[in-house]
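Close look at the chain arrangement
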Amino acid sequence: MAPPNYARIERESLCDLLADLGPDQPTLCTGWQTKDLAAHLIVRERRPDAAAGIMLRPLAGHLARVQAAVAARPFDQLVDEVRRPPRWSPLSSIDALDRAANTLEFFIHQEDVRRAQPDWQPRALPRPLSQALWKAIPGLGRRAVRGFPASVLVVAAGYGQVQTGAGQQLWLTGDPGELVMFLSGRQAASRAEVTGPEELAARLREAKLGI
């Protein structure tokens, strides 16, 4: 039997959280309130012409204008659009693609909202979700430490270990969810631990990681 589709579960949980908090709450995404994060998710799924600006710098201005216009709409409408992705999008309508494209996206962004609130605590994640997050670690780790002058051994007890990068050895340890947050550039909000040469470890904690 296939494990639950955590892309859908995380999407629903994020939408419930957004609806509870409202449009003007902080997130871990610099410069974004909750309405901006919702607008990002809508543009990503519904406006491929603008979403290309996420990766292509020449289109970043178009992306910013479209996203700002979306964020200005009524917040309950934004939450509803995030909750109900377009049927024409294969990334949300085909189960395997949904899992591959959206599990990490919605986990990270739910944590972006949760961890920006006072007195947040880590969630106890179901093991199938932690396993899905761990599967993303090799690719996420390669992108995160590309160009960083260290070899990083990423370790999650009970899940495995992944070596990435080159140079002096550092160790990054934690639960899969904490590792995902660290390697996606949310080091300050992650409870993963870095050990090794202290100057190099400190640099990794402050480095610009992620895409």
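It should be noted that the structure appears before, not after, this text.
Procedures and definitions
Residues numbered from 1 in each chain as written. Predicted model: local features only at pLDDT ≥ 70, side-chain atom pairs only at ≥ 80, totals over all residues. Heavy atoms only, no water. Phe/Tyr/Trp six-rings, centres within 6.5 Å; stacked < 30°, edge-to-face > 60°. Lys NZ or Arg CZ within 6 Å of the ring centre and 35° of its normal. Buried < 20%, exposed > 50% of the residue type's maximum accessible area, 1.4 Å probe, protein only. Helix = DSSP H or I, 4+ residues; strand = E, 2+ residues; numbered from the N terminus. Contact = heavy atoms within 4.5 Å. Disulfide = S-S within 2.5 Å. Pairing = 2+ DSSP bridges. Core = buried A, V, L, I, M, F, W, Y, C linked by side-chain atoms within 4.5 Å. Axes fitted to C-alpha atoms, helices over the stretch in contact; angles between N-to-C directions.

**Structural notes on the packing of aromatic side chains**
Aromatic rings in a pair are described by how distant their centres are and how their planes are angled relative to each other. What the rule picks out here adds up to 0 aromatic pairs. The ring centre of W120 lies 4.7 Å from the NZ or CZ of R191, which sits over that ring.

**Looking at helix α5 (residues 75-83)**
Among the residues of α5, F75, L78, V79, E81, V82 and R83 are the ones counted as buried. In the core, the buried residues of α5 are packed alongside α1 (6-21), α2 (34-46), α4 (60-71) and α7 (95-114).

**A few points about the state of the cysteines**
By the definition in use, this model includes 0 disulfides. Among the cysteines around C15, which has no disulfide bond, C29 carries the closest sulfur, lying 15 Å off. Overall, C15 belongs to the buried group, its relative accessible area being 0%.

**Some details on the pairing of strand β1 (residues 150-156)**
In summary, the side chains of a regular strand alternate between the two faces of the sheet. Counting buried residues in β1 gives 6 out of 7 residues, a clear majority hidden from the surface. By the bridge criterion, 6 bridges tie β1 to strand β3 (residues 168-173) in an arrangement that is parallel. Across the sheet, residue V154 finds its bridge partner in β3, namely L172. Relative to strand β2 (residues 160-165), β1 is paired through 6 bridges, and the arrangement is antiparallel. Counted as the bridge partner of A156 is G160 from β2. Once β1 ends, the chain turns through 3 residues before running back antiparallel as β2, passing G158 with a positive phi of about 90°.

**Digging into the nonpolar core**
Counting 31 residues, the largest nonpolar core has L170, L172 and L204 as its most contacted members. Breaking this core down by element, the ones donating at least two residues are α7, α8 (127-145), β1, β3, α9 (176-183) and α10 (198-206). Per element, the largest residue contribution to this core is 7 residues, and it comes from α8. Among the nonpolar cores identified, the runner-up in size contains 22 residues, and L78, V82, F106 and V113 belong to it.

**Let's talk about the sheet that holds β1**
Strand order in the open sheet formed by 4 strands is β2-β1-β3-β4, and the pairing between neighbours is mixed. On the outer flanks of this sheet lie β2 and β4 (193-195), each paired with one strand and no other. Strand after strand, the sheet turns through a mean of 20° between neighbouring axes, direction not considered. Contacts from α8 reach β1 and β2 within the one sheet, and its direction differs from that of β2 by about 20°. Together, β1, β3 and β4 form the strand contacts of α9, whose direction differs from that of β1 by roughly 150°.

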